[in-house]
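# Reading the structure
The residues making up each chain are set out below.
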Amino acid sequence: PSNTLAGLTITGGSANDTIIMGAGLNNSDSIDGGAGTDEVTATITNATATTGALTVSNVESLELTNAGTATLNVAGITGGTSTAPTSIEIAGAATTTTISGIDAVNQKIGLGEADEGAAGQGTFALTLADSTGTADNLTLDVNRAATATITTSGVETLTVATSTTDTTITNA
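Residues numbered from 1 in each chain as written. Predicted model: local features only at pLDDT ≥ 70, side-chain atom pairs only at ≥ 80, totals over all residues. Heavy atoms only, no water.

### Notes on the overall build of the protein chain
The number of helices and strands found in the protein chain is zero helices and 14 strands. Secondary structure elements of the protein chain, listed N to C terminal, follow the sequence β-β-β-β-β-β-β-β-β-β-β-β-β-β. On C-alpha atoms alone, the protein chain measures out to a radius of gyration of 15 Å, which is about the 16 Å that the 2.2 N^0.38 rule sets for 172 residues. With respect to the principal axes defined by its C-alpha atoms, the protein chain has extents near 45 × 30 × 30 Å. For the protein chain, buried positions account for 39% of its 172 residues. With an accessible surface of roughly 8,000 Å², the protein chain has 50% of that area assigned to carbon and sulfur atoms. (Helix = DSSP H or I, 4+ residues; strand = E, 2+ residues; numbered from the N terminus. Rg over C-alpha atoms; globule rule 2.2 N^0.38 Å. Buried < 20%, exposed > 50% of the residue type's maximum accessible area, 1.4 Å probe, protein only. Areas by Shrake-Rupley, 256 points an atom, 1.4 Å probe, with all protein chains shown as cover.)

### Notes on the pattern of salt bridges
For the coordinates displayed, the defined rule picks out one salt bridge. A salt bridge links Lys108 to Asp141; the nearest nitrogen and oxygen atoms lie 3.6 Å apart. Of this pair, Lys108 sits in strand β10 (residues 107-111) while Asp141 sits in strand β12 (residues 137-142), and the two are 33 residues apart along the sequence. Residue Asp141 is classed as buried on the basis of its relative accessible area of 16%. (Salt bridge = Lys/Arg side-chain N within 4 Å of Asp/Glu carboxyl O.)

### Examining the side chain of Glu89
Here Glu89 lies in strand β9 (residues 86-102). Although buried, Glu89 forms no salt bridge, and the nearest oppositely charged side chain, Lys108, lies 6.4 Å from it. At a separation of 3.5 Å, a polar atom in the side chain of Glu89 contacts the side chain of Ser87. With sequence-adjacent residues up to four places away left out, Glu89 is seen in contact with Leu62, Glu63, Leu64, Gly110, Gly112, Glu113, Ala114 and Asn143. (Lys, Arg positive; Asp, Glu negative; His and termini not counted. Polar contact = N/O pair within 3.5 Å; in protein donor to acceptor, adjacent residues only side chain to side chain. Contact = heavy atoms within 4.5 Å.)

Right, here's the structure in full:
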């Protein structure tokens, strides 16, 4: 399905589902991918701390596009496991993407899309849901990135994993 309205409740079936939300994904929607390998795509430009508090479960991949400024709270994105974390990929010519509520064990954050080739760029501020420990790790998948500035809060170890051969990382 494709979303042009707010407040949708979507439940996938046992097959692999692709849920295209367009510019309509926000805190009033609830998505349960069900069984299968599921994907949600959406544009999150202008999401705020309120509208960007997403509720998504049993979806293996979220491909989100930001062409401006967006604030997301991903604590409500559940269903991933330590061996199969939910992938949250951000692409687009963003200026600022703020992501809070990250579950460093059951979610992974990606810059750019791994399969379609859209790059992620801009400033990314990443904050864990629970940073009370002294050994908090966050893995950042750099799938495709133009210029990106990454800041973290509550993270003792940031692992940057590149999955393409055309990514250059400079530690400034």
